[in-house]
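Structural overview for review
Residues per chain are reported as follows:
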Amino acid sequence: MEHTYHTSITWTGNLGEGTAHYRSYARTWDIALPGKAVIACSNDPLLGGDPTKMNPEDLLMSSLAACHMLWYLHLASAAGVTVVGYQDSPTAVGEVLPSGAGRFLSMTLHPVITVLPTTDLDLARKLHDDVHPVCFIARSVNFPVTYQPQFIIESDTAKCSEASHP
């Protein structure tokens with residue numbers, strides 16, 4: 001079954017001269033949809049963008065990490081793994097060619113997942129392997145996505161870490 005998605009972006013970078021020359025405009029825009037908070041965005045700071053605003057690379061990484069998290073939580077719930085906390089700080093490697101064209105080469109998720117003391121950690125780890133085949137965003141990108149989960153047992157400060165998985 002096909003679904004249609006919509007978004008709306010509005011360029012906010014006209015500094016008075018439009019695109020009359022390269023430095024006459026800002027690389028800023030808003031993502032604004034009815035009923036949702038506006039997200040002010042800019043170009044990557046490496047390309048002269050505003051470092052205080054989200055850029056397309058931030059948004060792609062965040063979307064992929066969020067999709068993985070949501071599917072992981074669903075699979076955990078279905079498998080009887082009770083997750084009480086989840087935080088991720090993904091990292092990505094990209095390249096920019098001399099022409100200025102760029103792309104992501106890879107991304108690694110670093111979820112820190114808090115679970116109950118009775119959790120089967122082997123099962124909790126394995127669930128990450130089951131996410132990629134169903135995650136809408138992960139299935140849509142053309143670069144490898146790996147993950148390095150850490151598990152925290154609720155009321156226990158010891159972390160159990162797991163090596164990267166494809």
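Refer to the structure presented above.
This report concerns the structure included in the present document. What you see is a predicted model; the values in this text were computed from it and never measured. (Residues numbered from 1 in each chain as written. Predicted model: local features only at pLDDT ≥ 70, side-chain atom pairs only at ≥ 80, totals over all residues. Heavy atoms only, no water.)

1. Section: the overall build of the chain
To keep it simple, the criterion reads: Under the DSSP-based scheme used, a helix requires at least four consecutive residues in state H or I and a strand at least two consecutive residues in state E, with every element numbered from the N terminus. For this measure, only C-alpha atoms enter the radius of gyration; the expected value for a globule follows 2.2 Å times N^0.38, where N is the number of residues. Relative accessible area decides the class of each residue, using a 1.4 Å probe on protein chains only: under 20% of the type maximum gives buried, over 50% gives exposed, and in between gives partly exposed.
Along its length, the chain carries 2 helices and 10 strands. Taken from N to C terminus, the helices and strands of the chain fall in the order β-β-β-α-β-β-β-β-α-β-β-β. For a compact globule of 166 residues, the expected C-alpha radius of gyration is about 15 Å, and the chain comes in at 19 Å, more than 25% above that figure. Oriented by its inertia axes, the alpha-carbon framework of the chain measures out at about 65 × 40 × 35 Å. For the chain, the proportion of its 166 residues judged to be buried stands at 31%.

2. Thoughts on the sheet that holds strand β2 (residues 28-31)
In plain terms, the rule: Only strands that DSSP links by at least two bridges are regarded as paired with each other. Lines fitted to C-alpha atoms define the axes, with helix axes restricted to the stretch in contact, and inter-axis angles between N-to-C directions lie between 0 and 180 degrees.
If you walk across this open sheet you meet the 3 strands as β1-β2-β3, and the pairing is antiparallel. Taken across any chain shown, the strands that pair with only one partner, and hence form the sheet edges, are β1 (9-11) and β3 (39-42). Neighbour to neighbour, the strand axes of the sheet diverge by 25 degrees on average, direction disregarded. The sheet contact formed by β2 and β3 spans 4 bridges and is antiparallel. Its bridge partner lying in β3, Thr28 is registered against Ser42.

3. So, the packing of helix α1 (residues 56-79) against helix α2 (residues 121-131)
Geometry of a packed helix pair, given as the angle between the helix axes and the separation of the axes. Selection criterion: Each angle receives one of four descriptions, namely roughly parallel if under 35 degrees, roughly antiparallel if over 145, roughly perpendicular if within 65 to 115, and oblique otherwise. Each crossing gets its hand from how the near helix is turned against the far one by less than a right angle, where anticlockwise is left-handed and clockwise is right-handed. It only takes one pair of heavy atoms within 4.5 Å for two residues to be counted as in contact.
Relative orientation of the contacting elements α1 and α2 amounts to 130 degrees, with a least axis distance of 9 Å. Considering the angle they form, α1 stands oblique to α2. Handedness of the α1/α2 crossing: right-handed. Along its contact with α1, which presents His68, Trp71, Tyr72, Leu75, Ala76 and Ala79, the element α2 presents Leu123, Ala124, Leu127, His128, Asp130 and Val131.

4. Comments concerning the environment of Tyr72
Structurally, Tyr72 can be placed in helix α1. Relative accessible area serves as the criterion here: at 0%, Tyr72 is assigned to the buried category. Spatially, the C-alpha atoms of Tyr72 and His132 are 9.6 Å apart, while their sequence positions differ by 60 residues.

5. A look at α2
To keep things clear, this is the line we draw: What the arc measures is the spread of directions leading from the helix axis to the C-beta atoms. In the analysis that follows, any N or O atom pair within 3.5 Å is treated as a polar contact, provided that within protein one partner can donate a hydrogen and the other can accept it, and provided that, for residues neighboring in sequence, both atoms belong to side chains.
Where α2 is concerned, the buried positions are Leu121, Ala124, Arg125, Leu127, His128 and Val131. Buried residues of α2 fall within an arc of 145 degrees about the axis and therefore sit on the same side. By the N-cap criterion, in which a side-chain oxygen at the helix start approaches the backbone nitrogen of a residue two or three places on, α2 is capped by Asp120, the distance to Asp122 being 3.1 Å.

6. Quick look at the packing of aromatic side chains
Note the following rule: Between 30 and 60 degrees the pair is tilted, below 30 it is stacked and above 60 it is edge-to-face, where a pair is any two Phe, Tyr or Trp rings, Trp via its six-membered ring, whose centres lie within 6.5 Å.
What the rule picks out here adds up to 4 aromatic pairs. Consider the rings of Trp11 and Tyr25, whose centres lie 6.2 Å apart with planes at 75 degrees: the pair is edge-to-face. With Trp11 in strand β1 and Tyr25 in the loop between β1 and β2, this residue pair connects regions lying 14 residues apart in the sequence. For Trp11, a relative accessible area of 42% translates into the label partly exposed. Classification of Tyr25 by relative accessible area gives partly exposed; the value is 22%.

7. Overview of the state of the cysteines
Definition in use: Throughout, a disulfide means two cysteine sulfur atoms within 2.5 Å of one another.
The final tally for this structure, using the stated rule, is 1 disulfide. At a sulfur-sulfur separation of 2.4 Å, the disulfide partner of Cys67 is Cys135. Here Cys67, found in helix α1, pairs with Cys135, found in the loop between α2 and β8 (145-147); they are 68 residues apart in sequence, far enough to count as distant. Considered together, Cys67 and Cys135 belong to a single accessibility category, that of buried residues. Free of any disulfide, Cys41 has its nearest neighbouring cysteine sulfur in Cys67, separated by 19 Å.

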